[in-house]
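Given next are the chains, with one letter for each unit.
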Amino acid sequence: MMLYRVLLAGLLLATASLADGVRDIVERSMSGLRTAASDEPYSRTIKRMYLGFDPSGHVKTGIAYREIDCFEIITGVVVVDKTPEGYVLREAFFPDVEKIKNEKDRKQVLAVLQKFKNVPFDPHAEKSAVDVLTGATRYGIQMSGYLNYMARHVALEMEQPPQWAKADGSRMPRDTDR
């Protein structure tokens, strides 16, 4: 019985720290914006999505996260901004990367994130936001694929916000409505 309690407490602590890590990213990235969150899960491949709206109701930032199996099961988070020039993959994170105990493996995972900073992309293009990972391992390629997939889907939802993102159920203005 004591072992069960210790394992349960460890599981709850790990879940809380993951939730705190994602929540911190959302709060920092959405500062000053009205934030709407999808149901959990958002889809089969994305755990949850957040959209951030400016005071005029235009989408400015989107975030999505999911679990990725890479040495250990870790959480991948992408932050996408909408700028006058188009969409920018601001940054990607692995808030629970410390689950990977082997330092060499952890550094390898973190190295992938360096390519995912301030990358302009077109969500309708046939290519990924980040499509070149020189010397990437199978895990690097897999992580890159998931991060690119999430970035694309966030941008597509930012184009026409879904019903869950609408505060009062009314139609939110699109950028073409200005």
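One can find the structure itself at the top, above this paragraph.
Read on for an overview of the structure. (Residues numbered from 1 in each chain as written. Predicted model: local features only at pLDDT ≥ 70, side-chain atom pairs only at ≥ 80, totals over all residues. Heavy atoms only, no water.)

Inspection of helix α2 (residues 103-113) places Asp 105, Val 109, Val 112 and Leu 113 among the buried residues, and these make up the whole buried set. Seen along its axis, α2 keeps its buried residues to an arc of 115°; they face one direction. Turned more than 90 degrees off the buried face of α2, the exposed positions are Lys 104 and Lys 107. For α2, the elements touching its buried residues are β3 (59-70), β4 (72-83), β5 (86-93), β6 (117-121) and α3 (138-159). The distance from a side-chain oxygen at the start of α2 to the backbone nitrogen of Lys 104 is 2.8 Å, and the residue carrying that oxygen is Asn 102. (Buried < 20%, exposed > 50% of the residue type's maximum accessible area, 1.4 Å probe, protein only. Helix = DSSP H or I, 4+ residues; strand = E, 2+ residues; numbered from the N terminus. Arc of directions from axis to C-beta. Contact = heavy atoms within 4.5 Å. Polar contact = N/O pair within 3.5 Å; in protein donor to acceptor, adjacent residues only side chain to side chain.)

The next point concerns the environment of Arg 90. By secondary structure assignment, the location of Arg 90 is in strand β5. What Arg 90 contacts, discounting residues up to four positions off in sequence, is Ser 29, Thr 61, Val 79, Val 80, Asp 81, Phe 116, Lys 117 and Asn 118. Within the local environment of Arg 90, its side chain forms a polar contact with the side chain of Asp 81, the two groups lying 2.7 Å apart.

So, on to the pattern of salt bridges. Evaluation of the coordinates by the stated rule reveals seven salt bridges. Note that Asp 96 and Lys 99 form a salt bridge whose closest N and O atoms lie 3.4 Å from each other. Taking relative accessible area as the criterion, Asp 96 reaches 3% and is therefore assigned buried. Lys 99 sits in the partly exposed class, given a relative accessible area of 34%. Each of the salt bridges in this network shares a partner with another, and the network as a whole consists of Glu 40, Lys 47 and Arg 48. (Salt bridge = Lys/Arg side-chain N within 4 Å of Asp/Glu carboxyl O.)

Taken as a whole, this structure holds two aromatic pairs when the rule is applied. Both rings, one in Tyr 42 and one in Trp 164, keep their centres 6.4 Å apart while their planes meet at 80°; by these two values the pair is edge-to-face. Pair noted here: Tyr 42 is in the loop between β1 (34-37) and β2 (48-53) and Trp 164 is in the segment after α3, with a separation of 122 residues, a long-range link. By relative accessible area, Trp 164 is classed as partly exposed at 26%. An angle of 40° between the planes, with centres 6.3 Å apart, marks the rings of Tyr 87 and Phe 121 as tilted. You can see Tyr 87 sitting in strand β5 and its partner Phe 121 sitting in strand β6, a full 34 residues away along the chain. Residue classification places Tyr 87 among the buried positions, given a relative accessible area of 8%. (Phe/Tyr/Trp six-rings, centres within 6.5 Å; stacked < 30°, edge-to-face > 60°.)

All right, on to the side chain of Asp 54 then. When you line up the elements, Asp 54 lands in the loop between β2 and β3. Separated by 2.9 Å, the side chain of Asp 54 and the backbone nitrogen of His 58 make a polar contact. Apart from the residues within four sequence positions on either side, Asp 54 is in contact with Leu 33 and Lys 60.

This paragraph deals with the nonpolar core. Among the nonpolar cores identified, the biggest contains 33 residues, and Cys 70, Val 78, Val 80, Leu 89, Phe 94, Val 109 and Leu 147 are the most heavily contacted of them. Looking at this core, the elements that each hand over two or more residues are β2, β3, β4, β5, α2, β6 and α3. Top contributing element to this core by residue count: α3, with eight residues. Dropping the residues within four chain positions of it, Phe 94 is found in contact with Ile 68, Ile 74, Thr 75, Gly 76, Val 109, Leu 113, Met 143 and Leu 147. Membership of the second largest hydrophobic core comes to 10 residues, among which are Ile 25, Val 26, Val 79 and Phe 93. (Core = buried A, V, L, I, M, F, W, Y, C linked by side-chain atoms within 4.5 Å.)

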